[in-house]
Amino acid sequence: MSARSLYLPHLAEIARVEEETPDTRTYFLEANGVEWRRAYHPGQFVELSVFGVGEAPFCLAQSPTRSDFIELTVRRTGAVTNRLHTYRAGDVVGLRGPFGNAFPFERARGRNLLFVGGGIGLPPLRSLINYVLDHRTDYRDVTVLYGARTPADRVYKNELAEWSRSPALTLVETVDRGDDTWTGHVGVVTRLLKGMTVDAAATLAFTCGPPVMLTFVVAELIALGIAPSNVVTTLERYMKCGVGKCGHCCVGHHYICVDGPVYNYDQIRRLPEAP
Ligand SMILES: Cc1cc2nc3c(=O)[nH]c(=O)nc-3n(C[C@H](O)[C@H](O)[C@H](O)COP(=O)(O)OP(=O)(O)OC[C@H]3O[C@@H](n4cnc5c(N)ncnc54)[C@H](O)[C@@H]3O)c2cc1C
Ligand code: FES
């Protein structure tokens, strides 16, 4: 019996594409031929091939408890993502994975969970949030703070509306710049944390977003009394193989693609190179 090569992608047809923001789309990939389609964990990622252009890593954006598809939410930034944004239902991409470690959802059991997302940082958190909602009795209070540049830059607008009506969690949103339609908070997401009361010892915080946001959010979370080891994020490094072979993602002796991308801030402080 021959093992499948780590470098050989599964072929996956795009079933549906959803426009999230002017530069971000969610791709629903047919996963019938992908044996791990429900056997992954929130926080893991895949390498997606756009044939003839290249491969890039994307987090699995939906909880394995939810989707009949593999969902990836992709912002247009360069060669692979620009070409992907020309793809429609019926086009075929390659998928390798799932790779990397996962959010510590077992350690999260019995605790209050505080999620802080910024912009395109919501997709990895959404995978865990929906996982938690599907195992709701295992966790205590669930709070989601989400910030985007403008109302149009919010991803998963329908899901945010559902979460805002749900008694299972508390969602607070903010935008840097409002418009005529926006009745919510205006200002950066860190403002929502200032003065918040949390049971610090019982809280596990998860945050993903642009590096500048993370710096301020982590400082606020620690100021609230949450231990650095209870502040969890994902690190983005330039990746190629995704499986600890090529060395592109190395930070000291760490292979971010295998040992990460999920780290807590106690671990991050010990990495040779700060994020
Ligand atoms: C674990 C992980 C999960 C991710 N999940 C998502 C996700 O869910 N959604 C999403 O939209 N993005 C995600 N990303 C980011 C995404 O993989 C990158 O934006 C990817 O580079 C896009 O590929 P591209 O060919 O379109 O752009 P590229 O051509 O790679 O360019 C994108 C950016 O990377 C820079 N860059 C290019 N080459 C290098 C290099 N050698 N070293 C450093 N920087 C370089 C470019 O200057 C540009 O700013 C994730 C990244 C990681 C590591
Ligand atoms: S991406 Fe190749 S070693 Fe991590």
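Structural data are supplied above this passage.
Fair warning: this is a prediction, and the values are worked out from it, not measured in the lab. (Residues numbered from 1 in each chain as written. Chains lettered and ligands numbered in written order. Predicted model: local features only at pLDDT ≥ 70, side-chain atom pairs only at ≥ 80, totals over all residues. Heavy atoms only, no water.)

Q: Honestly, the site of ligand 1 in this entry has me stumped. Any pointers?
A: With respect to spatial proximity, 17 residues lie near ligand 1, and among them Pro57, Thr73, Arg75, Val80 and Thr81 are the closest. Between ligand 1 and the protein, one listed contact pairs an oxygen atom with a backbone N or O atom of proline 57 at 2.6 Å. Starting from 960 Å² of accessible surface for ligand 1 in isolation, the protein chains cover 64%. Broken down by element, the shell around ligand 1 gets its largest block of residues, 4 residues, from strand S4 (residues 54–59). Along the lines of polarity and charge, the residues of the shell around ligand 1 split into 10 nonpolar, 4 polar and 3 charged. (Near = heavy atom within 4 Å. Polar contact = N/O pair within 3.5 Å; in protein donor to acceptor, adjacent residues only side chain to side chain. Areas by Shrake-Rupley, 256 points an atom, 1.4 Å probe, with all protein chains shown as cover. Helix = DSSP H or I, 4+ residues; strand = E, 2+ residues; numbered from the N terminus. Nonpolar A, V, L, I, M, F, W, Y, C, P; charged D, E, K, R; others polar.)

Q: I'm lost on the pairing of strand S11 (residues 203–208) in this one. Help?
A: On a regular strand, one side chain projects to one face of the sheet and the next to the other, so that they alternate. Burial of S11 is extensive: 6 of the 6 residues sit out of reach of the surface. Relative to S11, strand S7 (residues 112–118) is paired through 6 bridges, and the arrangement is parallel. Note on S11: the bridge partner recorded for leucine 114 is alanine 205. With 2 bridges joining them, S11 and strand S12 (residues 231–234) adopt parallel strand pairing. (Buried < 20%, exposed > 50% of the residue type's maximum accessible area, 1.4 Å probe, protein only. Pairing = 2+ DSSP bridges.)

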